[in-house]
Amino acid sequence: MLSRTADHLFWMSRYTERAENTARMLDVNYQTSLLPQSAAVAEVGWQGMLSISELMPAYTAKHGEIRPHRVMEFMVRDEENPSSIVSCLRAARENARAVRGSLTTEAWETQNQTWLEVKRMLAADDFERDPAQFFEWVKFRSHLSRGVTVGTMLMDEALHFMRLGTFLERADNTARLVDVKFHAVQSDFFGVASEKDQEYDFYHWSAILRSVSGFEIYRKVYRDVIKPERVADLLILRPDMPRSLHASMNEVVSNLEWVANDQSAETRRRAGRLRAELQYGSIDEILANGLHAFLTQFLDRVNDLGGRISRDFLIPSGLPIA
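The rules behind these values
Residues numbered from 1 in each chain as written. Predicted model: local features only at pLDDT ≥ 70, side-chain atom pairs only at ≥ 80, totals over all residues. Heavy atoms only, no water. Helix = DSSP H or I, 4+ residues; strand = E, 2+ residues; numbered from the N terminus. Rg over C-alpha atoms; globule rule 2.2 N^0.38 Å. Contact = heavy atoms within 4.5 Å. Buried < 20%, exposed > 50% of the residue type's maximum accessible area, 1.4 Å probe, protein only. pLDDT = per-residue confidence, 0-100. 1 Å grid on protein atoms, 1.4 Å probe; cavity = no way out; pocket = protein on both sides within 12 Å on 5 of 7 lines; lining within 4 Å. Points joined across faces, edges and corners; volume = space filled by probe spheres on them. Nonpolar A, V, L, I, M, F, W, Y, C, P; charged D, E, K, R; others polar. Salt bridge = Lys/Arg side-chain N within 4 Å of Asp/Glu carboxyl O. Core = buried A, V, L, I, M, F, W, Y, C linked by side-chain atoms within 4.5 Å. Phe/Tyr/Trp six-rings, centres within 6.5 Å; stacked < 30°, edge-to-face > 60°.

A.B. asks: Outline the overall build of the chain, listing residues and values.
C.D. replies: The secondary structure content of the chain amounts to 16 helices and zero strands. For the chain, whose C-alpha radius of gyration is 20 Å, the value lies close to the compact-globule estimate of 20 Å for 322 residues. Taken over the C-alpha atoms alone, the chain extends approximately 60 × 50 × 35 Å along its principal axes. Considering only contacts within the chain whose residues lie at least 6 apart along the sequence, 67% involve residues at least 24 apart.

A.B. asks: For the side chain of Thr149, give the residues involved together with the corresponding values.
C.D. replies: Mapped onto the fold, Thr149 is located in helix α8 (residues 131–152). Assessed through its relative accessible area of 7%, Thr149 is described here as buried. Discounting residues that sit within four places of it in the chain, Thr149 has contacts with Leu159 and Met162.

A.B. asks: Break down the confidence of the model for the chain for me, with residues and values.
C.D. replies: Taken residue by residue, the chain gives an average pLDDT of 88. The fraction at 70 or more is 90%. For the stretch residues 317–322, pLDDT sits under 50, and the model shows three contacts to residues farther than four places along the chain or on other chains.

A.B. asks: So what's going on with the layout of surface pockets? Residues and values would help.
C.D. replies: The gaps left among the atoms become clear once a water-sized probe is rolled over them. For the largest pocket, the calculated volume is near 550 Å³. If you trace the largest pocket, you find 25 residues lining it, with Arg18, Glu54, Asp172, Arg176 and Asn303 closest to the centre. Residue assignment for the lining of the largest pocket shows that the elements contributing at least two residues are α1 (3–33), α2 (39–52), α9 (157–184) and α16 (291–314). At eight residues, α16 tops the list of elements feeding residues into the lining of the largest pocket. A class-by-class count of the residues in the lining of the largest pocket yields seven nonpolar, 10 polar and eight charged.

A.B. asks: Quick one: what's the story with the pattern of salt bridges, residue by residue and with numbers?
C.D. replies: Within this structure, the stated rule accounts for 36 salt bridges. Between Arg24 and Glu20 there is a salt bridge whose closest N-O contact spans 2.9 Å. Note that Arg24 and Glu20 are positioned in helix α1 at a spacing of four residues, about one turn of the helix. Assessed through its relative accessible area of 0%, Glu20 is described here as buried. For Glu54, the salt bridge goes to Arg176, with nearest N and O atoms at 3.9 Å.

A.B. asks: Tell me what's going on with unusual backbone geometry, and back it up with residues and numbers.
C.D. replies: The backbone of Asp125 shows a phi angle near 60 degrees, a positive value even though the residue is not glycine. Along the polypeptide, Asp125 turns up in the loop between α6 (105–123) and α7 (126–129). The exposure class assigned to Asp125 is partly exposed, which follows from its relative accessible area of 37%. Positive phi, close to 55 degrees, is recorded for Ser213, a residue that is not glycine. Relative to the assigned elements, Ser213 resides in the loop between α10 (195–211) and α11 (215–222).

A.B. asks: Could you give an account of the nonpolar core, with specific residues and numbers?
C.D. replies: With 84 residues, the main nonpolar core has Leu26, Ile85, Phe134, Phe135, Ile236 and Phe298 as its most contacted residues. With residues up to four places along the chain from it excluded, the contact list for Phe298 reads Ala171, Ala175, Leu245, Met249, Leu274 and Leu278. Among the nonpolar cores identified, the runner-up in size contains 12 residues, and Leu9, Met12, Val99 and Trp108 belong to it.

A.B. asks: So what's going on with the packing of aromatic side chains? Which residues, and what values?
C.D. replies: What characterises a pair of aromatic rings is the spacing of the ring centres plus the angle enclosed by the ring planes. With the rule as written, the count across this model stands at nine aromatic pairs. Relative to Trp11, the ring of Phe10 lies with its centre 5.5 Å away and its plane at 85 degrees, an arrangement referred to as edge-to-face. Exposure remark for Trp11: the relative accessible area of 22% places this residue in the partly exposed category. When the centroid spacing of 4.8 Å and the interplanar angle of 45 degrees are considered together, the rings of Tyr218 and Tyr222 count as tilted.

A.B. asks: Give me the environment of Val253: which residues, what numbers.
C.D. replies: One can find Val253 in helix α13 (residues 245–259). For the pair Val253 and Asp172, spaced 81 residues apart in sequence, the C-alpha separation works out to 15 Å. Contact partners of Val253, with chain neighbours within four places excluded, come to Ala271, Gly272 and Arg275.

Structure (structure tokens):
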């Protein structure tokens, strides 16, 4: 496969997944902002989301003080923000258009229709009227894109590069979501004595689980009250949780094996090592050594993998890596 074609397919999937995960992060912040809490606590949540997305400087330069409606506007419809939902969906559509011949008609029409529909919805102010419904729509369109791709595409290198983009982006975003939401909790990490704080904790962790479609899964797996350490275990180490770091890295390693070439051995080794650490890791050990430190290192290693995949497969030979 031509490296430029692989590059467009890889980034089409990454941008689609990024739009979904941005919607998920905004949705959990929007839902938790409806809970009884002080303005300072609410601001920490919005600030944390911008920080973990590395968008705080860009936001403050444009909007100054943190206001929920401004943050959502910035993360949804601001076309100057490359990580906004509208920017991601536009980039996904443009990458799909560049490799129209490598996609099935259904896969292309799904991407194109998503872009046309989001423009119509934003022009009609559908987002302002019901943010939660808009976020659900973005998630649904991402689900549809993945389903159409798997259901209609030939199982060749094109599909594997698309899957690589999807799960590398998912690993990155799940790690960011876990990091920012655990740091947003103002009470003691493992619960507090007062009934009011315990009630807040329940709704806080419930919202986080729902943001990754994990609430029902948590109930099925643990059959217990929601505890922070178990939420972390579910989203980091469980291989059967679709959006966990472990499940995402399983897919990255598997698809790397399918597209392996003569220069990708080191990339595959690093991906395999990271997957092995999740496979044999312990949540107690991770918490003892520091969850934030673990997630920061994980994000660095995922970013390194992304750069190596670009070098090994996506950049035409002879061109320098930026």
